[in-house]
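Chain residues, written in single-letter form:
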Amino acid sequence: MLAEIKGLNEECGVFAIWGHEKAAEVTYYGLHALQHRGQEGAGVVTTDRENLHLHKGLGLINEVFAGGEFNKLNGNAAIGHVRYATAGGGGYENVQPLLFRSQRDSLAIAHNGNLVNAYGLKQQLEAQGSILQTSSDTEVIAHLIKRSGQIELDEAIKSALSMVKGAYSLTILTETQMFVAVDPKGLRPLSLGKLGDAWVVSSETCAFDVTGAEYVREVEPGELITISDTGLHSQRFSSTLERSLCSMEYVYFSRPDSDLNGQNVHASRKKMGKVLAQEAPIEADVVTGVPDSSISAAIGFSEATGIPYELGLIKNRYVGRTFIQPSQELREQGVKMKLSAVRGIVKGKRVVMVDDSIVRGTTSKRIVRMLKEAGATEVHVRIASPPIQNPCFYGIDTSTTSELIAANHSIEEMRELIEADSLSFLSVDGLQDCIVGDNDVMTHGICKACFTGNYPTEIYPDTVLPAYKC
Ligand code: SF4
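As a starting point, this report considers the structure included with it. (Residues numbered from 1 in each chain as written. Predicted model: local features only at pLDDT ≥ 70, side-chain atom pairs only at ≥ 80, totals over all residues. Heavy atoms only, no water.)

**Things to note about empty space enclosed by the protein**
To find the voids left in a structure, one rolls a probe of water-molecule size over its atoms. Formally: Buried and open spaces are told apart on a 1 Å grid over the protein atoms alone, a cavity being a set of points where a 1.4 Å probe fits but cannot get out and a pocket being an open set with protein on both sides within 12 Å along at least five of seven lines. Residues with an atom within 4 Å of a point are the lining residues. Grid points are joined across faces, edges and corners, and a volume is the space filled by probe spheres set on the points. What counts as a helix is a DSSP run of H or I of at least four residues, what counts as a strand is a run of E of at least two, and both are numbered from the N terminus. For this classification, the nonpolar set comprises Ala, Val, Leu, Ile, Met, Phe, Trp, Tyr, Cys and Pro, the charged set comprises Asp, Glu, Lys and Arg, and every other residue, Gly included, is treated as polar.
All told, the structure shown has 3 cavities of 30 Å³ or more when counted by the stated rule. Counted as a void, the largest cavity has a volume near 110 Å³. Lining the largest cavity are 15 residues, and of these Cys246, Cys392, Tyr394, Cys447 and Cys450 sit closest to its centre. Taken together, the elements giving at least two residues each to the lining of the largest cavity come down to helix H8 (247-253) and helix H18 (449-452). When grouped by side-chain class, the residues that make up the lining of the largest cavity number 12 nonpolar, 2 polar and 1 charged.

**With respect to the sheet that holds strand E22 (residues 422-425)**
Basically, it comes down to this: For two strands to count as paired, DSSP must find a minimum of two bridges between them. Every axis corresponds to a line fitted to the C-alpha atoms, with the helix fit spanning only the stretch in contact, and the corresponding angles, defined between N-to-C directions, vary from 0 to 180 degrees. The contact definition used throughout considers only heavy atoms, calling two residues in contact when any of these lie within 4.5 Å.
With respect to topology, 4 strands assemble into an open sheet ordered E17-E20-E21-E22, the strand pairing being parallel. Two strands in the sheet have a free side with no partner beyond their single neighbour: strand E17 (286-289) and E22. The average angle at which neighbouring strand axes cross in this sheet is 20°, direction not considered. Where E17 meets strand E20 (residues 350-355), 4 bridges bridge the pair, whose relative direction is parallel. Bridge pairing links glycine 289 to valine 354 in E20. Across the face of the sheet, helix H10 (residues 295-305) comes into contact with E17, E20 and strand E21 (378-383) while running at roughly 160° to E17.

**So, H10**
To keep it simple, the criterion reads: Note on classification: 1.4 Å probe, protein chains only; a residue is buried when its accessible area is under 20% of the maximum for its type, exposed when over 50%, partly exposed between these limits.
Those residues of H10 not exposed but buried are Ser296, Ala297, Ala298, Gly300, Phe301 and Ser302. Summarising the contacts, the buried residues of H10 are in contact with helix H9 (265-279), E17, E20 and E21. Following H10 by one or two positions, glycine 306 adopts a phi angle in the positive range, close to 80°.

**Thoughts on the site of the ligand**
Note the following rule: Consider each residue's heavy atoms; a residue with any of them within 4 Å of a molecule or strand counts as near. More than half of a molecule's atoms within 2 Å of the grid points is what it takes for that molecule to sit in a cavity or pocket.
Arg188, Cys246, Ser247, Met248, Cys392, Tyr394, Ile396, Cys447, Ala449 and Cys450 make up every residue found near the ligand. The site holding the ligand turns out to be the largest cavity. Looking at the shell around the ligand, the elements with two or more residues in it are H8 and H18.

**Quick notes on the pattern of salt bridges**
Counted only if it meets this: When a carboxyl oxygen of Asp or Glu is within 4 Å of a side-chain nitrogen of Lys or Arg, the pair counts as a salt bridge.
Evaluation of the coordinates by the stated rule reveals 17 salt bridges. Put simply, glutamate 303 and lysine 270 hold a salt bridge, and the shortest N to O gap is 3.2 Å. Taken together, the residues glutamate 303 in helix H10 and lysine 270 in helix H9 connect sequence positions 33 residues apart. Judged by its relative accessible area of 45%, glutamate 303 falls in the partly exposed class. Residue glutamate 403 pairs with arginine 360 through a salt bridge whose shortest N-O separation is 3.9 Å. With glutamate 403 in the loop between E21 and helix H14 (405-408) and arginine 360 in the loop between E20 and helix H13 (362-373), the pair connects residues that are 43 residues apart, well separated along the chain. One salt-bridge network, in which partners are shared between bridges, spans Arg37, Arg188, Glu204 and Glu249.

**A short note on a negative patch on the surface**
Rules: Each patch is built from salt-bridge-free residues with over 30% relative accessible area, joining like charges within 9 Å and nonpolar side chains (Val, Leu, Ile, Met, Phe, Trp, Tyr) within 5 Å. For the accessible areas, the method is Shrake-Rupley and the probe is 1.4 Å, while residue cover comes only from the protein chains on display. None of His or the chain ends enter the tally, which takes Lys and Arg as positive and Asp and Glu as negative. Charge positions come from single atoms, namely NZ of Lys, CZ of Arg, CG of Asp or CD of Glu.
On the surface, a cluster of negative charge is made up of Glu279, Asp429, Asp433 and Asp438. Its place among the elements puts aspartate 429 in helix H16 (residues 428-436). A relative accessible area of 59% means that aspartate 429 is categorised as exposed.

Bear in mind that shape data such as this cannot, by itself, settle questions of function.
This is the structure we're talking about:
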């Protein structure tokens, strides 16, 4: 499904490199591969060992660097970031990396995820005299590092990370070192790779393929990696906990050519379609997927049932960002601009429409109508994930509970609302099997909280939805 019309948005992507003469340029291409994770702002910071150099701005990475600015970012190490923000939170000051200059040890930080105790920590910091310049919780981490009182920076980072709770995949750059860390539950993905002799870090492995880097391993939950000219050093800042990698990364957010925790996203989605077909079979003439992220599950559904897969829906690739607007009214208009039903395929046919998820339901209703207007005699909707009944506090901009259709309606009510002939969802157990399989949950466990309400971390009374964060 199309992120910007669905009301379900990833919060950010990070990319970093150490030890490459074209660090900024490689980071630019890495961020380009991660653009689906955030389109509102982008930035890169490099170090030439004496100074940090920053360029960032609002917009897509190729807009922010339209003048080839990466050529002016000197140094052979860089961290970069692409950012998503909802209306009101998209100011320039929140675009990352955030850079904090000081006489000794300037520091740049780029973060994917969302802290669940940022509000309380901000209040504490402000009471102690800190002046926060952004509404990003990433700044909280930087202040905690600076205020830790530790002389060695790795100790200061460990001290700061012991205080923050929630989801974070972090890269930090100083003049002479790079630090990489993932929260103790591993909610957001982060992989380590090599490009020649250079170390590379990315939210998704698709950026390794684009830049020519080779995958080495996952950055482990609770691990702090230090990279400098003396090499790579790993230490732990938390005990080993059961992994809770966001299952929506597999369902919807990540690119199908990425591997998350050693598992290919396209293959996982195909499995979801197969299991969905076993759990909710239906007689029909064609299977179609809602482009792009539902295609893999639709292929799986087709393979499991023998019902032919067809391109019943196509995406107009040439609709510009002008149409990506956060208001519901414009979002709904956007569906018509972006998707078309293929009359020659669906006319007179019983259609299975596979989608990855339903958030508010308005988009599903428009697509069902579109298929029927194009002549489909029946439209059976199959969703390759369980009903989303709870908000996410870990960096995915899901709606509030009142806006989530599955939080407020039975499946039969939802079927009526979206005007489908039948509606079924993948079960939570089915989703778990498709992603975790026979692997150990300690290393391959997933977060399913938006489906089950069982959050893998504490949620505080002042935990806020990630509308303005990253
Ligand atoms: S609550 Fe849902 S979207 Fe958020 S991290 Fe967990 S699985 Fe992902």
